[in-house]
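# Notes for the structure review
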Amino acid sequence: MRIGKQDNPYSAISTSTSERIYVRGRDLCDDIIGKLDFTSYFWLLVTGQEPTPKQKKFADAVLAAIAEHGLVPSVVAARMTYAAAPEAFQGAVASGLLGCGSVVLGSAEIAGRFLADIVADGDDVDAAAERAVKKLRETKTPVPGFGHPLHADGDPRAHRLLAMAREEDAAGAHIRALEAVNNAIPKVINRSLPINVNGAIPAVMLDVGFPLGALKGISLLARTASLIGHLQEETERPIGFILSGKAAEAISYDGPDVK
């Protein structure tokens, strides 16, 4: 049984001979190891091109911005998994990444597609943004990239990334769309919502030329670094079972009566 397309059996990322390894057409040992920093290598792997200085600067910035934010669900899952299975470091990292979806970490991708659709809608970005917010309101769908349970006065990471974009003359159509959405929200829902980091990241990265389809990869790469840090700490100062115990304490049973 054929499932999916099977008529293009090629990959342009890597190949090797008995003596050489090539990545995106570069000799791994001669051209990359010791010569190319990891952020630039990541960009090369994803796009096939080395980043410009501006692209590298913003990739570095967003990776730093999204990597760590305390005991968020992905970190809790990883530390509890490691506590239960200390022989499976890779399993603990995986457990922290598996829940990266529409609410946590994966929301940057959703916000990116939302902004890209507004940009593609036409020349009047303000009208397009207002239509897009109204459409979400009709289905009671949250506006992607807006709102934060802690940073009610504005996500400081978003503020910094957007300020950098203006300082570096990197603000383009997607940041303009983000601003238009920010202006449309009070008109549609009668209150303001702060731009969060998952709104700023796609706006900034799309404006410097990062591909829309790989946006989620930024969050996954960044959070992997954080998870490794938390799991190393877990080996020295374990809190996985404390987290598990506190969860049990916090939740009360309300099922059928038991004797």
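Above this text is the structure in question.
Right, let's walk through the structure included here.

Rules of the game
- Residues numbered from 1 in each chain as written.
- Predicted model: local features only at pLDDT ≥ 70, side-chain atom pairs only at ≥ 80, totals over all residues.
- Heavy atoms only, no water.
- Helix = DSSP H or I, 4+ residues; strand = E, 2+ residues; numbered from the N terminus.
- Contact = heavy atoms within 4.5 Å.
- Salt bridge = Lys/Arg side-chain N within 4 Å of Asp/Glu carboxyl O.
- Buried < 20%, exposed > 50% of the residue type's maximum accessible area, 1.4 Å probe, protein only.
- Axes fitted to C-alpha atoms, helices over the stretch in contact; angles between N-to-C directions.
- Parallel < 35°, antiparallel > 145°, perpendicular 65-115°, else oblique.
- Left-handed = near helix turned anticlockwise from the far one by under 90°.
- Nonpolar A, V, L, I, M, F, W, Y, C, P; charged D, E, K, R; others polar.
- Polar contact = N/O pair within 3.5 Å; in protein donor to acceptor, adjacent residues only side chain to side chain.
- Core = buried A, V, L, I, M, F, W, Y, C linked by side-chain atoms within 4.5 Å.
- Arc of directions from axis to C-beta.
- 1 Å grid on protein atoms, 1.4 Å probe; cavity = no way out; pocket = protein on both sides within 12 Å on 5 of 7 lines; lining within 4 Å.
- Points joined across faces, edges and corners; volume = space filled by probe spheres on them.

## Structural notes on the environment of R191
- Among the structural elements, R191 can be located in the loop between α9 (173-189) and α10 (197-207).
- Along the chain, R191 and P73 lie 118 residues apart, while their C-alpha atoms are 28 Å from each other.
- When neighbours within four sequence positions are excluded, R191 is seen to be in contact with I185 and P186.

## So, the pattern of salt bridges
- Under the definition given, this model contains 17 salt bridges.
- A salt bridge links R26 to E50, with the shortest nitrogen-to-oxygen separation between them at 2.6 Å. Here R26, found in strand β3 (residues 26-27), pairs with E50, found in the loop between α2 (38-47) and α3 (53-67); they are 24 residues apart in sequence, far enough to count as distant.
- For E50, a relative accessible area of 38% puts it in the partly exposed group.
- Salt bridges linked by common partners bring R20, D27 and D30 together as one network.

## As for the packing of helix α5 (residues 89-98) against helix α11 (residues 215-236)
- Following both chains from N to C, one finds α5 and α11 inclined at 135 degrees, their axes separated by 10 Å at the closest point. It follows from the interaxial angle that α5 and α11 lie oblique. By crossing handedness, the relation of α5 to α11 is classed as right-handed. In contact with F89, A92, V93, G96 and L97 of α5, α11 contributes L220, T224, L227, I228, L231 and Q232.
- Grouping the constituent residues of the contact of α5 with α11 by class yields eight nonpolar, three polar and no charged.

## Digging into the side chain of H230
- Along the polypeptide, H230 turns up in helix α11.
- H230 gets classed as buried once you look at its relative accessible area, which sits at 12%.
- In terms of polar contacts, H230 uses its side chain to reach the side chain of R79, at 3.0 Å.
- Every residue in contact with H230, bar those within four places of it in the chain, is listed here: E68, G70, L71, V75 and R79.

## Focus: the packing of α10 against α11
- Between α10 and α11, the least distance of the axes is 10 Å, while the angle of their chain directions is 120 degrees. Considered as vectors, α10 and α11 are oriented oblique to each other. Judged by the sense of rotation from one axis to the other, the crossing of α10 with α11 is right-handed. In this structure, α10 contributes N198, P202, M205 and L206 to the contact, and α11 contributes L215, I218 and S219.
- Considering only residue class, the contact of α10 with α11 consists of five nonpolar, two polar and no charged.

## Concerning the nonpolar core
- Counting residues in each nonpolar core, the largest one holds 52 residues, and the members touching the most others are I118, L161, V181 and M205.
- Only α2, α3, α6 (107-121), α7 (125-138), α8 (156-167), α9, α10 and α11 provide two or more residues apiece to this core.
- Per-element accounting of this core gives the leading share, nine residues, to α9.
- Contacts of I118, omitting those with residues within four sequence positions, involve V125, A128, A129, A132, A177 and V181.
- If you look at the next biggest cluster of nonpolar residues, it comprises eight residues, including V72, Y82, A92 and L227.

## What about α5?
- Looking only at α5, the buried set comprises A92, V93, S95 and G96. Summarising the axial view, the buried residues of α5 lie within an arc of 155 degrees, below the 170-degree limit, and thus occupy one face. For α5, the exposed residues lying more than 90 degrees away from the buried face are Q90 and L98.
- For α5, the secondary structure elements touched by its buried residues are α4 (73-84) and α11.

## Notes on the layout of surface pockets
- Estimated volume of the largest pocket: approximately 870 Å³.
- Only α6, α7 and α10 provide two or more residues apiece to the lining of the largest pocket.
- If one sorts the elements of the lining of the largest pocket by residue count, α6 sits on top with six residues.
- As a volume, the second largest pocket reaches approximately 190 Å³.
- Lining of the second largest pocket is provided by V133, L136, R137, K140, T141, P142, V143, F146, G147, I189, R191 and L193.

It is worth stressing that arrangement in space is one thing and function is another; only the former is reported here.
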